[in-house]
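Structure assessment
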Amino acid sequence: MNGAIQEPGGDRRRGVPAATYRLQMHAGFRLQDAAEVAGYLADLGVTHAYSSPLLRSAEGSTHGYDTVDHAHIDEARGGRAGFDQFVEALHDHELGLVLDLVPNHMGVADAAAAPWWWDVLKHGRDSAHAGAFDIDWDFGGGKVRIPVLGSADDLAELKLVTGGAGGDGAAELHYYDNRFPVAPGTGEGTAQEVHGRQHYELVDWRRADSDLNYRRFFAINTLAGLRVEDPAVFDATHELVLRLVHQGAVDALRIDHPDGLADPQGYLERLAKASGHRWTVVEKILEPGEDLPEDWATAGTTGYDALSEVDQVLVDPAGEAAITALDTELVGHPVDYAHLVHDCKREVTDGMLGSEVARLVRVIGVLPGVDPEQQTEALAELLASFPVYRSYLPDGREHLDQTVAAVRDRRPDLVKAVDALHPVLAQAGTEAATRFEQTSGPVMAKGVEDSAYYRWARFVALNEVGGDPARFGTPVAEFHAAQQRRAQRRPQSMTTLSTHDTKRSEDVRSRLAVLAELPTEWAQLVRQLLARHPIADRPLAHLVWQNLVGAWPLSRERAHAYVEKAAREAGTSTTWTDPAQEFEEQLHALVDAAYDDEATHAAIEDVVGRIAPFGWSNSLSQKLLQLTMPGVPDVYQGTELWDFSLVDPDNRRPVDYALRRTMLAALDGGEVPGVDESGAAKLLVVSRTLRARRDHPEWFTGYDPVPVDGSAADHLIAFDRGGAVTVATRLPVGLAATGWGDTALHLPNGPWRDLLTGERLVSDVGGVAADVLLARLPVALLVRD
């Protein structure tokens, strides 16, 4: 596929981006606002703006992943006029546009706002759009089950109202603020009698876990799965976007959640052909060591795999024993992370995704000679034990075989059922195999990202999308090997450090990574905090203290919002559906103590003051590594300065572009930044590196580790991309204790220049001394002078 993607050069907008800048569009930051920052993005050095979804979405949507109408640009985000203004501004500055697409699902929270869904509810199987949605009409008596009622008795609250959504005077059923259509000729009688004649059934919201008959995005009832594998559905949902592509308004594409699709490979092939093979990346979460199928028509992923590689190399493996001992002490026993993940995934199969599992059971049917209950149990075990998000048969067959073997060993009572399921689930292209694949991904996401990551608080810097919290740091040689593999296999894949979905921003993780070098000090502080502010769920308290320290200083409101979400996602002491008021009050009191308890506040200030400078060093290294490693680097909005954000919605706060413009102008005017709380040093690294990638792509075409020797060699990462040499510090606490000593970087002899500081130096037979090279900044980007 990579050969089909246009190379840089010529019309830069339509080629492979040199770098992108992610913008979150919403009613508070509209396309017109984005147009105003186009000049700044050009000055920063990116070649493409990278927009969140722009098609018409649910009212009040802050993210855009709940499309309700594929034929219009969302009016709340600026509409078509705003889009045209944005594109014109980008073109004025020779910038392209990468657009985020959502092919897997549509927003159906307000049926009246989603024309296709409204028509399906009104006309049932006879709707022109019935085939667009993944509905099991035979389950539920030909009715779509909609889980909105507070209880089954709430049907008494239904109202029959005249005056339709289309203004045609047709009757509607109203349940508080929810509106539903009435099928032609069925509007006589009471609201309850009319409801009984419809092509949908309003049911108790609690039945969503077991009795729904439409595929959802994860467990979100208001996001209904689409059948984009149908060419007609593909054409209808992509018509506007592809028109914008061919008009030159959209230059590249990002595909949301391909794992939800019945046929991701077929979808990408159809999209590549229809778009003229524009650069396209997919939001695919790869487990460590996993690769995309080679024949997918995509440049690569959106970069979570790169994020993990960078994070891991900046974590000190030597801290694992002490950090793990603290976790064991707080939990009361050693945590088997693999077992925890399995159990969290089983909670998902048996709970929030029970409707999807039940549909899979119906599709497979009862297999000969197998007890139905055991068959269902075996299916849940296979889903809970699957080691990656999903397979794409025949690609990934080894994961299914591995899972079958693991379940057979662990559950001898299920061997007969597992052996019967194995050939059914291995038969590529069948509905049973496909639905298993579509279900295993959501089980992984909800069980790991949204559950296990909140329950295991050993070292939350590693609890990140695409990562492996059980892996505590990696050596430099392993990082180099990963980058050489990346350069060979997917050199145009996106890289990233922060997104709208990361659990913590890059700078929070960089600061927390310091704790791996100070595990004893951290353990002592945690014990003091827990003694002063005891709470029954000690692992959750540990998670809270880590995140507060990582993001400090943050407003009290942000801290309270975070801990409430974290506690409910963990589900160990309180939940979204059944909040434990007494526990949550204790948790909020713990947060208040960070601000109001004098000793606790002072302790947090002290530890943050101790680790923040080392965190800045990590952040600069992390950023330079990501910006220069093989791939297309993305900068998430605002992260060109320090950004200490937690999980959404905290990571979607407004960005101060006026401040960034002023600071960038000062740097361009010759200001020499220090590494301090202003973040100017990070802006320097970002802007100088992005400009180099834009203006000199020939400097970034290969990957070779640069030899380093000396007493502190383990504190240095260096590689040559084919002209530009990246040098980055790691493990800064240990380095501060020993200094660079005789550590040297071995470059070809001759003069070199640091693009970050402008300083010139000469490499000779002894190499370049690290203490000279990194006297001003903990990083350097060298080119031949």
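For the structure itself, look to the data block above.
All of these numbers come straight from a predicted model, not from anything done at the bench.

Helix and strand counts for the protein chain come out as 26 helices and 27 strands. A compact globule built from 785 residues would reach a C-alpha radius of gyration of about 28 Å, and the protein chain, at 27 Å, matches this within 12%. Across its three principal axes, the protein chain shows a C-alpha extent of roughly 90 × 60 × 55 Å. Evaluated residue by residue, the protein chain yields a buried proportion of 61% over its 785 residues. In the protein chain, the proportion of contacts linking residues at least 24 apart, taken out of those at least 6 apart, comes to 73%. Surface summary for the protein chain: the accessible area is close to 27,900 Å², and the carbon and sulfur share equals 51%. Charge-centre separation for the protein chain: the mean point of 73 positive side chains lies 3 Å from the mean point of 118 negative side chains.

On to the side chain of H48, then. Tracing the chain through its elements places H48 in strand β2 (residues 48-51). Within the local environment of H48, its side chain forms a polar contact with the side chain of T47, the two groups lying 2.9 Å apart. H48 has contacts with R12, R13, G15, P17, A19, T20, Y21, L95, G96, L97, V98 and D251, leaving out every residue within four places of it along the chain.

Below, the discussion takes up empty space enclosed by the protein. In this approach a probe as big as a water molecule rolls over the atoms, and the regions it shows empty are the leftover space. Applying the stated criterion to the full structure yields nine cavities of 30 Å³ or more. When its volume is computed, the largest cavity comes out at roughly 170 Å³. Taken together, 18 residues line the largest cavity, and the ones lying closest to its centre are R215, R216, E356, R435 and T439. Residue assignment for the lining of the largest cavity shows that the elements contributing at least two residues are β12 (216-217), α11 (354-364) and α15 (431-455). Residue composition of the lining of the largest cavity, by class: seven nonpolar, six polar and five charged.

With that settled, consider the pattern of salt bridges. Counting across every chain of the model gives 67 salt bridges. We note a salt bridge from R145 to E201, for which the minimum N-O separation is 3.7 Å. One end of the pair, R145, is in strand β7 (residues 144-149); the other, E201, is in strand β11 (residues 200-204), with 56 residues separating them in the sequence. Its relative accessible area of 22% is what places E201 among the partly exposed residues. As a salt-bridge pair, D668 and R688 come within 2.9 Å of each other at their nearest N and O atoms. Here D668 is found in helix α23 (residues 657-668), whereas its partner R688 is found in helix α24 (residues 680-695), with 20 residues between them in sequence. On the accessibility criterion, D668 (41% relative accessible area) is partly exposed. Residue classification places R688 among the buried residues on the basis of a relative accessible area of 15%. Here the salt bridges do not stand alone but share partners, grouping R346, D350, E377, E381, R410, R411 and D413 into one network.

Our next topic: the packing of aromatic side chains. On inspection of all chains with the given rule, the structure shows 17 aromatic pairs. Between F180 and Y200 the ring centres are 5.7 Å apart and the planes differ by 35°, which places this aromatic pair in the tilted class. Pair noted here: F180 is in strand β10 (residues 178-181) and Y200 is in strand β11, with a separation of 20 residues, a long-range link. With respect to class, F180 is no different from Y200; both count as buried. Relative to Y595, the ring of W552 lies with its centre 5.1 Å away and its plane at 35°, an arrangement referred to as tilted. Of this pair, W552 sits in the loop between α19 (538-551) and α20 (556-570) while Y595 sits in helix α21 (residues 581-596), placing them 43 residues apart in sequence. Of the two residues, W552 and Y595, neither departs from the other in class, the shared state being buried.

Parameters at a glance
Residues numbered from 1 in each chain as written. Predicted model: local features only at pLDDT ≥ 70, side-chain atom pairs only at ≥ 80, totals over all residues. Heavy atoms only, no water. Helix = DSSP H or I, 4+ residues; strand = E, 2+ residues; numbered from the N terminus. Rg over C-alpha atoms; globule rule 2.2 N^0.38 Å. Buried < 20%, exposed > 50% of the residue type's maximum accessible area, 1.4 Å probe, protein only. Contact = heavy atoms within 4.5 Å. Areas by Shrake-Rupley, 256 points an atom, 1.4 Å probe, with all protein chains shown as cover. Lys, Arg positive; Asp, Glu negative; His and termini not counted. Charge placed at Lys NZ, Arg CZ, Asp CG, Glu CD. Polar contact = N/O pair within 3.5 Å; in protein donor to acceptor, adjacent residues only side chain to side chain. 1 Å grid on protein atoms, 1.4 Å probe; cavity = no way out; pocket = protein on both sides within 12 Å on 5 of 7 lines; lining within 4 Å. Points joined across faces, edges and corners; volume = space filled by probe spheres on them. Nonpolar A, V, L, I, M, F, W, Y, C, P; charged D, E, K, R; others polar. Salt bridge = Lys/Arg side-chain N within 4 Å of Asp/Glu carboxyl O. Phe/Tyr/Trp six-rings, centres within 6.5 Å; stacked < 30°, edge-to-face > 60°.

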